[in-house]
Every structure is written in C-alpha cells, then in structure tokens.
Amino acid sequence: MVSIQSSVTKTFGILTAGGDCPGLNAAIRGVCQTAHERYGMHIIGIADGYRGLIDENVRPLKPPDYAGILTRGGTILGASREKPFKAENGDSDKAVGKKVAAIKETYHKLKLDCLVILGGNGTNTTGSWLAQEGLNVIGLPKTIDNDVMGTDLTFGFDSALTICTEAIDRLHTTAESHHRIIVIELMGHKVGWLALYAGVAGGSDVILIPEIPYDIKAIGRHLEHRAKSGKTYSIVAVAEGALSLEEAKMDKHERKKYRAENGPSIAHRLTREISKETGMDTRPTVLGYMQRGGGPSAFDRVLATSFGVAAAELLAKGKYGRMVALNGNEIGSVDLSVPESKVKTVPLNHCMIDTAIAMGIFLGSK
Ligand code: F6P
C-alpha cells in the first residue's frame, strides 16, 4: 500500500474538448490514477467539454471509471467545441458573459481547486482566458493536427499518422493496378504536419500542405515527368487546408465563394484540376474521421500517460496556469498563455521538408 503524499490540490475537475483523438482516455487515466492513488485527490468528471461546465453536467470519477481505458479510443467524458468566450449562433455579448459566469459558478459550487483541460489550441486558449478570470487551470495538449504551440508533439498525432500511412500503403496497390493518380485528403485543419509526415511515411510522390501554396501547372509537369519515366501511377497526399496559388491570393470571402462554387473537399477540387491539367485518370479519397477513430498507438499511450502523470504532479504542487508539454525527450510544462490564439505551422526550414525533397517528393511549388 503506497502512502498518500501531501498535495496542494484536494479536488479538481477534468474535461476533454475540441476534436477527439486516440490517447484522450490514456491521458485521463494518467491524471486520475496518479492524483487519486499518490495524492488522494477527489476528481469531478465534466461532460462534453466546456458545455458540461456551463450546464453543470458533472459526476465524480472513481477508480472503476478510469480503470481499463488505456487502449480505448475517444473520450469517456465526451467532447464538444463549445467556445464560452465566443458569440455563436447569434449569441449576444450578454449571452457570452452568461456562459463564462456559469462556468465560474459551477467551478466554485463544486469547490474545485483546479480545472484540468485536455484539448487543442482552442481549448487551451479558453483555459488561458479562464485563468485570467481567476480560475486555476492546467492544460494537456492533444490533437491529431499537432498544431499546438509550446509542445513538440501532441498525443493523437502518432495514432493518426499510423492510420494515414496504412491508407496510403493501400492506395499504392490500387493506383498501380489501374495506372492512376490517386489524391488522398488528410486532416490537419490549417497546418500540414500530418500530411507531411504521412506522405513521407507512405512514400507519396506529391505532398501538398497549407504552408506551401501549390502551382497546379508545376504539379502537372511533375506527374507527366514521372509518367514519361515509366512510373504509371502516382500518389498525391494533400492536407485539407492546402491552398492553390490562386486561392492563397483570395481573401476569406472570395475563398468561401470559391469553395461554395467548387466544393469543400480539396481532394475533389485537386482531382479535377489534375485531370484537366494532365488528362490522366485521377481519383480522390477523403480519409476523414478514420484519422480520429480507434485506440491509441503505443507511442501515444506512453505520451498521453506521461502527460497525465505530469499534470497530476503540477496539481500536487499547486503549479497552476501551465500546459504540460514535450520538449525534445523531456516532459515539462509551459505557461498556459503560450498556445493562446496561436497555431503551430510547419516551418519551411523544417528537417521533414528537406527529407521529402531529398526523397524526390514534389511539394507543389518549385
Ligand atoms: O482538430 C482535429 C480535426 O480533426 C481537424 O483535423 C479537422 O479539421 C477538424 O478537427 C474537424 O472538426 P469536426 O470534428 O468539428 O468536424
């Protein structure tokens, strides 16, 4: 029987918000098991992200609740994209104020010493703003996009990378059999980490990411050069947020109009563009929510569990206003304001960009 150590935090609430991802339950288990077994803390589970705080949709979490969830996908708490500080669906400023007030009321009514939030850049931004409103908050960075500033990696990314790589492997055989160009659209929101890494892992011939607006004529020349050199098929991995040179020059409204006229899926738009440019038989695949489903990879189980334990240690020390982070091989933490209102894009001098180029992968623009 391990003796209970002293802790500044006696009771905390925990929520998961934003897009779900593999590893969330591993992280919940890491926080809760360490906090309860090592420090005797009491835990309140909050349903469906910040919405659960607004509606006081909460329940105590006991060991049987978080036992056996290490390998389970999704989140036992549920998630939502509720943004308490943002006026949505015609909300008035008064309505926004009411949402924030409701969160603070629930926090104090439950006598929470801290709120532990598992989420991406939006969730941690809301957490940082709640901290500025006087709540104690600790963040854990999760998302398949890996776009949270302040941490080298988020859990969820490696699991999605595995799913995307397997999909690209499968597309190679059917593209080869039919001498086709296959365009696979991968998630990543507004950044290209997932498409870049999955494209390299899957041996794609072209990788298109938002950070490098693409030139359809240059893509056509690259694909035609491959065909002339005997490569009768090609795989194009495209991030859902990738942009053509033309789109990159549009403002938000022009881009919205363009997409309303040409369809929301870049895989389908790009397929039409490539077919028109090269005359080659081209087919689209949108991998979609497969990238967020199922259980976590071994790497993500370790990363998520380690993030959870680190969060519990911050709770015990009363080190609030922090986000757990991976810095190289070290698990540490950064100020919760670091990810606030930012997105971590792929730097054009990143080693993986050079790796792709070295392997002859075309990145959409010479
Ligand atoms: O942030 C994770 C993510 O899967 C993004 O890659 C994607 O653009 C977005 O969520 C989809 O959001 P939703 O689940 O609300 O459709």
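What counts and what doesn't
Residues numbered from 1 in each chain as written. Predicted model: local features only at pLDDT ≥ 70, side-chain atom pairs only at ≥ 80, totals over all residues. Heavy atoms only, no water. Phe/Tyr/Trp six-rings, centres within 6.5 Å; stacked < 30°, edge-to-face > 60°. Helix = DSSP H or I, 4+ residues; strand = E, 2+ residues; numbered from the N terminus. Buried < 20%, exposed > 50% of the residue type's maximum accessible area, 1.4 Å probe, protein only. Contact = heavy atoms within 4.5 Å. Axes fitted to C-alpha atoms, helices over the stretch in contact; angles between N-to-C directions. Parallel < 35°, antiparallel > 145°, perpendicular 65-115°, else oblique. Left-handed = near helix turned anticlockwise from the far one by under 90°. Nonpolar A, V, L, I, M, F, W, Y, C, P; charged D, E, K, R; others polar. Arc of directions from axis to C-beta. Near = heavy atom within 4 Å. Polar contact = N/O pair within 3.5 Å; in protein donor to acceptor, adjacent residues only side chain to side chain. Areas by Shrake-Rupley, 256 points an atom, 1.4 Å probe, with all protein chains shown as cover. Pairing = 2+ DSSP bridges. Expected span 1.5 Å × (residues − 1).

Asker: Looking at this structure, I do not really get the packing of aromatic side chains. What am I missing?
Answerer: One pass over the full model with this rule turns up four aromatic pairs. Aromatic side chains Phe85 and Trp129 sit 5.3 Å apart centroid to centroid with 75° between the ring planes, which places their arrangement in the edge-to-face category. You can see Phe85 sitting in the loop between helix 3 (63-66) and helix 4 (93-109) and its partner Trp129 sitting in helix 5 (residues 121-132), a full 44 residues away along the chain. Here Phe85 falls in the partly exposed class, since its relative accessible area comes to 25%. On the numbers, 6.2 Å between centres and 65° between planes, the contact of Phe155 with Phe307 is edge-to-face. In this pair, Phe155 is assigned in the loop between strand 5 (137-141) and helix 6 (157-178) and Phe307 in helix 12 (residues 298-317), connecting sequence segments 152 residues apart.

Asker: What is the right way to read the environment of Ile353 from this model?
Answerer: Locating Ile353 in the fold gives a position in helix 13 (residues 351-358). A sequence separation of 151 residues divides Ile353 from Gly202, and the C-alpha atoms of the two residues are 15 Å apart. The contact partners of Ile353, leaving out residues within four places of it in the chain, are Leu196, Ile209, Ile212, Val346, Pro347, Leu348 and Leu363.

Asker: It is not clear to me how the packing of helix 6 against helix 7 (residues 193-201) should be interpreted in this structure. Could you clarify?
Answerer: A pair of packed helices is characterised by two quantities: the angle between their axes and the separation of those axes. Here helix 6 crosses helix 7 at 45°, and the two axes come no closer than 9 Å. Taken together, the axes of helix 6 and helix 7 lie oblique to each other. Every pair of crossing elements has a handedness; the one defined by helix 6 and helix 7 is right-handed. Side by side, helix 6 and helix 7 meet where Phe157, Ala160, Leu161, Cys164, Thr165 and Ile168 of the first sit next to Trp193, Leu194, Tyr197, Ala198, Gly199 and Ala201 of the second. Each residue belonging to the contact of helix 6 with helix 7 can be placed in one class, and the counts come to 10 nonpolar, two polar and no charged.

Asker: Would you mind going over helix 13 with me for this structure?
Answerer: Two residues of an α-helix separated by three or four positions point the same way, owing to the 3.6 residues in each turn. Where helix 13 is concerned, the buried positions are Met352, Ile353 and Ala356. Taken end-on, helix 13 shows its buried residues confined to a sector of 110°, consistent with a single buried face. Exposed and oriented more than 90 degrees from the buried face of helix 13 are Cys351, Asp354 and Ala358. The elements touched by buried residues of helix 13 are helix 7. Backbone geometry just downstream of helix 13 places Gly360 in the positive-phi region, at approximately 80°.

Asker: Explain the site of the ligand to me, please; I cannot follow it from the model alone.
Answerer: Taken together, the neighbourhood of the ligand is formed by Arg81, Thr143, Ile144, Asp145, Met187, Gly188, His189, Glu240, Tyr289 and Arg292. Between the ligand and the protein, one listed contact pairs an oxygen atom with a backbone N or O atom of Gly188 at 3.1 Å. Between the ligand and Tyr289 there is a distance of 2.4 Å, counted from an oxygen atom to a side-chain nitrogen or oxygen. Taken by itself the ligand offers 400 Å² of open surface, and the protein chains cover 75% of this. For the shell around the ligand, a count of residues per class yields three nonpolar, three polar and four charged.

Asker: Sorry, what's going on with the sheet that holds strand 7 (residues 206-208) here?
Answerer: For sheets, the rule is that strands pair by backbone hydrogen bonds, running either parallel or antiparallel. With parallel pairing, four strands are arranged side by side in an open sheet as 7-8-6-9. At either margin of the open sheet sits one strand with a lone partner, and together these are strand 7 and strand 9 (282-286). When strand polarity is set aside, the average angle formed by the axes of neighbouring strands in this sheet is 20°. Relative to strand 8 (residues 234-239), strand 7 runs parallel, the two being bridged by three bridges. From the neighbouring strand, Ile207 faces strand 8, where its bridge partner is Ala237. Along the sheet, helix 7 makes contact with strand 6 (181-186), strand 7 and strand 8, crossing strand 7 at roughly 170°.

Asker: Help me out: how do you make sense of helix 5 in this one?
Answerer: Taking 1.5 Å per residue, 12 residues should reach 16 Å; helix 5 reaches 16 Å between its end C-alpha atoms and fits that length. Within helix 5, burial applies to Asn121, Thr123, Asn124, Thr125, Thr126, Gly127, Ser128 and Leu130. Taken together, the buried residues of helix 5 touch helix 2 (50-54), helix 4, strand 4 (114-119), strand 5 and strand 10 (322-327). Downstream of helix 5 by a residue or two, Gly134 has a phi angle that is positive, lying close to 105°.

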